[in-house]
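# Examining the three-dimensional arrangement
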Amino acid sequence: MIVLGIIIVLVVLIIGYFISTQRELVNLDELCKNALSQIEVQLNSRFDAVIALAKTAAQYAKHESETIIQAVQARGGNLGNASTPAAINEQASLLGQMMSKLNVVFERYPELKASDLYKEAQEGMKQYEENVRMSRMVYNDTATKMNRMVRQWPSSIVASMLHFDQKDYLKVDSEEKKQYPNLDEAFKK
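Residues numbered from 1 in each chain as written. Predicted model: local features only at pLDDT ≥ 70, side-chain atom pairs only at ≥ 80, totals over all residues. Heavy atoms only, no water.

## Remarks on a nonpolar patch on the surface
For clarity, the threshold we go by: Surface patches are defined over residues having more than 30% relative accessible area and no salt bridge, joining like charges when they lie within 9 Å and nonpolar side chains (Val, Leu, Ile, Met, Phe, Trp, Tyr) when within 5 Å. For the area figures, the Shrake-Rupley method with a 1.4 Å probe applies, and any residue is considered shielded solely by the protein chains shown. We count a salt bridge whenever a side-chain nitrogen from Lys or Arg sits within 4 Å of a carboxyl oxygen from Asp or Glu. A run of DSSP states H or I qualifies as a helix once it reaches four residues; a run of E qualifies as a strand once it reaches two. Both are numbered from the N-terminal end.
A cluster of nonpolar side chains, namely Ile-2, Ile-6, Val-9, Leu-10 and Leu-13, defines an oily patch on the protein surface of about 510 Å² accessible area. As for its position among the elements, Val-9 is in helix α1 (residues 2-60).

## Considerations on the nonpolar core
Rules: Buried residues of nine kinds, namely Ala, Val, Leu, Ile, Met, Phe, Trp, Tyr and Cys, make up a nonpolar core once their side-chain atoms join them within 4.5 Å. Relative accessibility thresholds used throughout: buried, under 20% of the residue-type maximum; exposed, over 50%; partly exposed, between the two (1.4 Å probe, protein chains only).
Val-50, Leu-53, Leu-102 and Tyr-139 are the most contacted members of the largest nonpolar core, which has 26 residues in total. When residues of this core are traced back to their parent elements, those giving at least two are α1, α3 (85-108) and α5 (116-151). If you tally residues by element for this core, the top one is α1, at 12 residues. With 8 residues, the next largest nonpolar core counts Leu-25, Leu-28, Val-158 and Phe-164 among its residues.

## Concerning the pattern of salt bridges
Here the structure, examined in full by the defined rule, presents 6 salt bridges. In this structure, Asp-29 and Lys-167 form a salt bridge, with 2.6 Å as the shortest nitrogen-oxygen distance. With Asp-29 in helix α1 and Lys-167 in the loop between α6 (155-161) and α7 (174-179), this residue pair connects regions lying 138 residues apart in the sequence. Judged by its relative accessible area of 12%, Asp-29 is buried. Taking the shortest distance from any N to any O, the salt bridge between Glu-129 and Arg-46 comes out at 3.6 Å. Here Arg-46 lies in helix α1 and Glu-129 lies in helix α5, a separation of 83 residues in the sequence. Counted as one network, the salt bridges with shared partners bring together Asp-29, Glu-30, Lys-33 and Lys-167.

Geometric values such as these leave the question of function open.
Below, the structure is given as structure tokens:
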């Protein structure tokens, strides 16, 4: 009778562990999906800010205006759905390329950089970039927690039984890295 009681207690503990681990895995999976969705929203807002910058540039560069706006909108039409880290990385890269092209126009028109519209649009861009950066950090932190659960024993057993996989991390955009000053060069001088 005691042995049967011990077996029942062990089975209840195992089932309880299985259920609590499944719930935690589902929770982390949903948090990852939510974080990716937040990044997508921020990237779309950032794209809108790029369009605003393009329209501002178009006011100063009349002969280039249609080309600028059409190029940005055509590229932006390729943003698509960002439901995976790879798609997020691709969108961020695309937005960085668009900003590079716009920056060339801004360099040609110094009076544009002095305009209030440009300054407001640029501030909006900085805010969206900061929001994207923070959202990326939230996603990567959540993905780390998920990956630990998927890889560590004994939760890895539950994760493999329920087909939970590791999450990919978001990479730092190479264009973002270029914006930071090179401190090595600064200290050599």
